[in-house]
Amino acid sequence: VQLVESGGGLAQAGGSLRISCVASGRTFSSRAMGWFRQAPGKEREFVAGISGSGGRTSYADSVKGRFTISRDNSKNTVYLQMNSLKPEDTAVYYCAADRPLNQVAVRTTEIEYAYWGQGTLVTVSS
């Protein structure tokens, strides 16, 4: 599985960005998908996860109410809509995919994901 992120860039505090991740392969709807981020000098952390069907989601407390994860299985694409951005949201954002196990699980830890994208940089200025 190859994952390709896009949509990163520069935003002002309080602004919005949407990043996307396109996955290769035919089993996308059976894969839990997630977004993680890594800020300079910090460890990579979980941001949001979504089940294969899209019916279940999970968010880190730091982004809850501001970020929304969604997916379009017809396009093999997962999105992260980021609103009310803060300078502390500045990071490289990574898309991750689980193995094609089921449509209901949501994964929230790095070890649960088998495939990773190269990352897209999001910079939020104050």
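The structure displayed is predicted, hence computed values, not measured ones.

Enquirer: I keep staring at the overall build of the protein chain and nothing clicks. Help me out?
Expert: Counting its regular elements, the protein chain contains zero helices and 11 strands. Along the chain direction, N to C, the helices and strands of the protein chain fall in the order β-β-β-β-β-β-β-β-β-β-β. Across the 126 residues of the protein chain, 43% fall into the buried class. Partitioning the contacts of the protein chain with sequence separation of at least 6, the portion at a separation of at least 24 is 61%. With an accessible surface of roughly 6300 Å², the protein chain has 46% of that area assigned to carbon and sulfur atoms.

Enquirer: What exactly am I supposed to notice about unusual backbone geometry here?
Expert: For residues other than glycine, phi is negative in most cases, and the peptide bonds are mostly trans. Despite not being glycine, asparagine 76 has its phi angle at roughly 55°, a positive value. Despite not being glycine, serine 84 has its phi angle at roughly 50°, a positive value. Secondary-structure assignment places serine 84 in the loop between strand S8 (77-82) and strand S9 (91-97). Judged by its relative accessible area of 40%, serine 84 is partly exposed.

Enquirer: How should the nonpolar core be read in this particular structure?
Expert: In globular proteins that are soluble, nonpolar side chains generally tend to be buried together. One finds Met33, Trp35, Val78, Leu80, Met82 and Tyr93 to be the most contacted residues of the largest nonpolar core, which totals 32 residues. At the level of secondary structure, the elements contributing two or more residues to this core comprise strand S3 (17-23), strand S4 (33-38), strand S5 (45-50), strand S7 (67-72), S8, S9 and strand S11 (120-125). Here this core gets five residues from one element, more than from any other, and that element is S9. Ignoring anything within four residues of it in the chain, the contact list for leucine 80 reads Leu17, Arg18, Ile19, Trp35, Val47, Ala48, Phe67, Thr68, Ile69 and Tyr93.

Enquirer: Explanation requested: the environment of valine 124 in the structure shown.
Expert: Its place among the elements puts valine 124 in strand S11. The spatial distance from the C-alpha of valine 124 to the C-alpha of glycine 15 is 8.4 Å, given a sequence separation of 109 residues.

Enquirer: Help me out: how do you make sense of the packing of aromatic side chains in this one?
Expert: Any pair of aromatic rings gets described here by the distance separating the centres and the angle formed by the planes. Counted according to the given criterion, the structure contains four aromatic pairs. Between phenylalanine 36 and phenylalanine 46 the ring centres are 5.6 Å apart and the planes differ by 75°, which places this aromatic pair in the edge-to-face class. A residue pair is termed long-range when its members are at least 10 positions apart, and phenylalanine 36 in strand S4 and phenylalanine 46 in strand S5 qualify at 10 residues. An aromatic cluster is present here, built from Phe36, Phe46, Tyr113 and Trp116 joined pairwise through their rings. Directly above the aromatic system of tyrosine 94 lies the positively charged group of arginine 44, at a separation of 4.9 Å from the ring centroid. Above the plane of the ring of phenylalanine 28 lies arginine 71, whose end atom (NZ or CZ) is 4.3 Å from the centre.

What counts, and where the lines are drawn
Residues numbered from 1 in each chain as written. Predicted model: local features only at pLDDT ≥ 70, side-chain atom pairs only at ≥ 80, totals over all residues. Heavy atoms only, no water. Helix = DSSP H or I, 4+ residues; strand = E, 2+ residues; numbered from the N terminus. Buried < 20%, exposed > 50% of the residue type's maximum accessible area, 1.4 Å probe, protein only. Contact = heavy atoms within 4.5 Å. Areas by Shrake-Rupley, 256 points an atom, 1.4 Å probe, with all protein chains shown as cover. Core = buried A, V, L, I, M, F, W, Y, C linked by side-chain atoms within 4.5 Å. Phe/Tyr/Trp six-rings, centres within 6.5 Å; stacked < 30°, edge-to-face > 60°. Lys NZ or Arg CZ within 6 Å of the ring centre and 35° of its normal.

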